[in-house]
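Examination of the molecular architecture
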Amino acid sequence: MAAIDLEVLERIQRRVLWLSAWMVHHANTARPVDGLKVGGHQASSASSVSLLTALYFATLRPTDVVAVKAHASPAFYAIQYLRGRLGVEDLQALRTFGGLQAYPSRRKNPGVVDLSTGSMGLGAVAATFGGLATRYLLDHGGAATPERFVVMVGDAELDEGNVWEALGEEVVRRLGDVLWIVDVNRQSLDRVVPDARPTQLAEMFRASGWRVEELRWGRRLHALFARPGGERLQARLQAMSNVEYQRLLRVPAGGVRKALMTDAAGGIDGALDRLLADVSDDALATLVADVGGHDLGLILDAYAAAAQERERPSVILAHTIKGWGLPFAGDPLNHTAVTTAAQMDELRRVFGVTPGDEWAGFAPGTPEAAYIRTLPPLFSAPPLPAPTEIPDEIDETYPDETSTQEAFGRVLAALGRQPVGDALVTVSADVAVTTHLAGWMNRKGIYYPAARPDPFADTPQALRWREGPRGQHVEIGIAEHDLFLLLAALGLTAELSGQTLLPIGTLYDPFITRGLDALYHALYCGARFIVVATPSGVTLAPEGGAHQSVITPGIGVALPDIAYYEPAFAREVEWILLAGLRAVAERRESLYLRLSTAPVDQRLAPPADDGHRGAVLAGGYRLIDGRVTEGWHPEAAVHLFATGAVVPQAIVAAQRLREQGAFPSLFVVTSPDRLYRGLREPRPYLETLVGADEEDVPVVSVLDGHSHVLAFLGGALGVPQLALGVDSFGQSGTRQDLYRHYGIDADAIVGAARTFLA
Ligand SMILES: Cc1ncc(C[n+]2csc(CCOP(=O)(O)OP(=O)(O)O)c2C)c(N)n1
Ligand SMILES: [Mg+2]
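Residues numbered from 1 in each chain as written. Chains lettered and ligands numbered in written order. Predicted model: local features only at pLDDT ≥ 70, side-chain atom pairs only at ≥ 80, totals over all residues. Heavy atoms only, no water.

**Things to note about the coordination of the magnesium ion (ligand 2)**
With distances of 2.0 to 2.2 Å, the protein atoms coordinating the magnesium ion (ligand 2) are Asp155 (OD), Asn185 (OD1) and Gln187 (O). All donor residues of the magnesium ion (ligand 2) come from one chain, and their arrangement in sequence is D-x29-N-x1-Q. Separated by 32 residues along the polypeptide, Asp155 in the loop between strand E2 (148-154) and helix H6 (161-167) and Gln187 in the loop between strand E3 (178-184) and helix H7 (197-207) bring together distant segments of the chain. (Donors = N, O, S within 2.8 Å, 3.2 Å for Na, K, Ca; no water. Helix = DSSP H or I, 4+ residues; strand = E, 2+ residues; numbered from the N terminus.)

**So, helix H1 (residues 6-29)**
Here H1 contains 24 residues, and its C-alpha end-to-end distance of 34 Å stays within 8% of the 34 Å for a straight helix at 1.5 Å per residue. N-cap assignment for H1: the residue whose side-chain oxygen lies 2.9 Å from the backbone N of Glu7 is Asp5. (Expected span 1.5 Å × (residues − 1). Polar contact = N/O pair within 3.5 Å; in protein donor to acceptor, adjacent residues only side chain to side chain.)

**Overview of the pairing of strand E20 (residues 721-724)**
The sheet contact formed by strand E19 (residues 699-702) and E20 spans four bridges and is parallel. Looking at the pairing, Val700 lines up with Leu722 of E20. As a crossover connection, the stretch from E19 through helix H28 (residues 712-717) into E20 is right-handed. (Pairing = 2+ DSSP bridges. Right-handed = clockwise from strand over helix to strand, strands pointing away.)

**A word on the site of ligand 1**
Surveying the vicinity of ligand 1 reveals 17 residues, the closest of which are Ser44, Lys69, Asp155, Ala156 and Lys322. Within the side chain of Lys69, a nitrogen or oxygen atom sits 2.6 Å from an oxygen atom of ligand 1. Here an oxygen atom of ligand 1 sits 3.0 Å away from a polar atom, N or O, in the side chain of Asn185. Relative to its unbound accessible surface of 590 Å², ligand 1 loses 77% to contact with the protein. The residue inventory of the shell around ligand 1, partitioned by class, reads three nonpolar, nine polar and five charged. (Near = heavy atom within 4 Å. Areas by Shrake-Rupley, 256 points an atom, 1.4 Å probe, with all protein chains shown as cover. Nonpolar A, V, L, I, M, F, W, Y, C, P; charged D, E, K, R; others polar.)

**Topic: the pattern of salt bridges**
Taken as a whole and assessed by the stated rule, the structure comprises 42 salt bridges. A salt bridge links Asp561 to Arg528, with the nearest nitrogen and oxygen atoms 3.8 Å apart. Placement of Asp561 in the loop between helix H22 (552-558) and strand E13 (562-565) and of Arg528 in the loop between helix H21 (516-524) and strand E12 (530-533) is noted, with a sequence separation of 33 residues between them. Classification of Asp561 as partly exposed rests on a relative accessible area of 25%. Arg528 gets classed as buried once you look at its relative accessible area, which sits at 7%. Salt-bridge contacts for Arg627 lead to Asp625; the nearest nitrogen and oxygen are separated by 3.0 Å. You can call Arg627 partly exposed: its relative accessible area is 28%. The network of salt bridges with common partners includes Arg622, Asp625, Arg627, Asp693 and Glu694. (Salt bridge = Lys/Arg side-chain N within 4 Å of Asp/Glu carboxyl O. Buried < 20%, exposed > 50% of the residue type's maximum accessible area, 1.4 Å probe, protein only.)

**Structural notes on the packing of aromatic side chains**
Scanning all chains against the criterion turns up 16 aromatic pairs. Pairing Trp180 with Phe205 gives two aromatic rings, centres 5.9 Å apart and planes at 70°, and the pair type is edge-to-face. Taken together, the residues Trp180 in strand E3 and Phe205 in helix H7 connect sequence positions 25 residues apart. Cluster of aromatic residues (ring-pair linked, three or more members): Trp18, Trp22, Phe351 and Trp359. Above the ring of Phe351, the side-chain terminus of Arg14 is found at 4.3 Å from the ring centroid. For the cation-ring pair, Arg452 lies above Tyr448, with the distance from its terminal atom to the ring centre recorded as 3.6 Å. (Phe/Tyr/Trp six-rings, centres within 6.5 Å; stacked < 30°, edge-to-face > 60°. Lys NZ or Arg CZ within 6 Å of the ring centre and 35° of its normal.)

**Side note on the sheet that holds E19**
In spatial order, the strands read E16-E18-E17-E19-E20; together these five strands make up an open sheet with mixed pairing. The open sheet is flanked by strand E16 (620-624) and E20, the only strands paired with a single partner. Sheet twist, expressed as the mean angle between neighbouring strand axes with direction ignored, is 20°. (Axes fitted to C-alpha atoms, helices over the stretch in contact; angles between N-to-C directions.)

**Regarding the packing of helix H19 (residues 480-490) against H21**
Here H19 crosses H21 at 5°, and the two axes come no closer than 8 Å. In terms of their interaxial angle, H19 and H21 are classed as roughly parallel. For the pair formed by H19 and H21, the contact residues are His481, Phe484, Leu485 and Ala488 on the first element and Asp517, Ala518, Leu519, His521 and Ala522 on the second. Of the residues contributing to the contact of H19 with H21, the split by class is six nonpolar, two polar and one charged. (Parallel < 35°, antiparallel > 145°, perpendicular 65-115°, else oblique. Contact = heavy atoms within 4.5 Å.)

**A closer look at unusual backbone geometry**
Thr145 connects to Pro146 through a cis peptide bond whose omega is -15°. Summarising the element assignment, Pro146 is placed in the loop between helix H5 (122-139) and E2. Note the cis peptide between Thr534 and Pro535, where omega equals -5°. One can find Pro535 in the loop between E12 and H22. At Arg186, a residue that is not glycine, the phi angle is positive and equals roughly 60°. You can see Arg186 is positioned in the loop between E3 and H7. With relative accessibility at 0%, the residue Arg186 sits in the buried group.

Here is the structure:
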């Protein structure tokens, strides 16, 4: 990299600013409209222009990845264009179908976007946990790439609680390869942010163990502060409320002096008046807007200083102006503002852009082009590694009575004894033991970047808390957002580092919703991982409604890129987990496994052959065939479809119905998700489950979760259906009490079937 000429950099940032404003203007005016506004974020982009320019044109190395402030995407795209990674046609396709996305998306625009952002707080934390993922890889014999995770966020973005959940994690304070840049423009979407906020932010980062640097004022103001009487100006500006300062940015140049010199009581500060006597009105207006986050020299120094810090994460709180250089700079309502044609004409003039030349980059031969050519390349994703080998069998046996949750513990322990176990990493938000990870943790240890003594090492413990850099379980605090965002990071190492991890996160099923938008983000950004959610449903009887999940099966069906399975028997858990690991290894999809603590008689399961295994993975199988009973005829037949823990209830119901002269068949649905999605296949799997001779047979479905999850079956098969399930909040009781109360026990199933048979 050549020595940095600040004037060159200054001209580059002017072009970034112009292009980002023009790109949005173009998107809003030059396209056929369908009545919807296109939008864009000119003001948010302008706010970040200096910070981004200093980053992308003077700081980043090929091993650095960036989570860009979502609403600065136009500025980011302009930068990618000037760095030769996008063409004019890409900029012209901002916010079009298949074009550059409104918010940076690594999956939609993989050539330029490292990490996805958009929903406030999520991308920032996922990127930060990326720092942990790299550290984990390094500690397990891998390469430390990406080396550095840079996160840029807006100041109001830090209102999101998930940010502070992450900063509260002990391990985060050790991530020296993480740098956050906060664009402190003192504005959010609707308002000027509360006064205490900027100070509070610094304190909160410091309390979390971060290195904090603030860029409050630019060098021109600092020079003035240094003059005799300058401290009065500094004190005045510093004591000003955020709204008052924002107003100062909006008053006509002639009004700034008066506003500055008039104190709250209406008095005039004579000393301040004298200090500013030789500063013209226009110069004064420019001076008060001289904040650190637009001073390229200061920003570069701050970036360089942060890069020296290797022991703890760094944050730079850089004061900026939202809409910097645009007609609505500092306007409290500028977040959604888009320039008018007249404003654009004026900007053309100010930026010296010839009409017709709006999209120009830097012509070869200009100092800017020459400088840019000296820059090291930006990060580009490594090739995907070959899929990790997943065994087909694990030689595990299960007791006659066991639960799907216990089976999970056994499968994991068995995997830990195989080579594939080295690629596995488990994560839990303070429920590792109660989700059956203890055996695995005893074998593999707990991950922490430094070895720490186990204070209970000399007393017998069911779980040994051995922490060190070789451990393979990451234990975090009770924060489900952290859980899913850590899975997002560990589940993206194949794409970002070229090294695949197989992450498994465990939590109680009801708390899926507690971290749901983080889970959504993890999937949206393309991470691959396994979520084991246990226990689930009202089957967790005495534990009561706050711990019983009702709506999660619906979430499982609805979430894209993740297969939801809810097995009934132990062997099914094994097969599904192995298939899920293979899907993760091959980067196809993630897995959500909903399990239960209910002991189930494993002798009720069909023989474990290959055909059966295929059916379990395809979404379900027929456990009881009513057609084999002598005298079978469709008018007296009924189809029971059952999922998970309530399968034994359905078996009892089938027996009773048969005793009553009916011909029930029982289908065990291992994945409502697979069955539902399969409906769009040319030959839906559901149709292969049900025989051609059973066309008009009605359906009763049942699961320990909301009934609508299996309610599509009747419609899909073209037959009447009664869908049983839990459609209200849970509560304490015995399992029988609750199954009866919510109408998912054998009696309820028999009763529902009889309404058809009568
Ligand atoms: C989770 C979430 N809630 C709400 C929004 C809508 N939203 C978009 S930008 C914004 C304000 C952002 O303010 P700040 O982070 O300070 O960004 P800047 O001022 O730099 O634009 C809000 C509320 C969002 N994108 N994500
Ligand atoms: Mg802001």
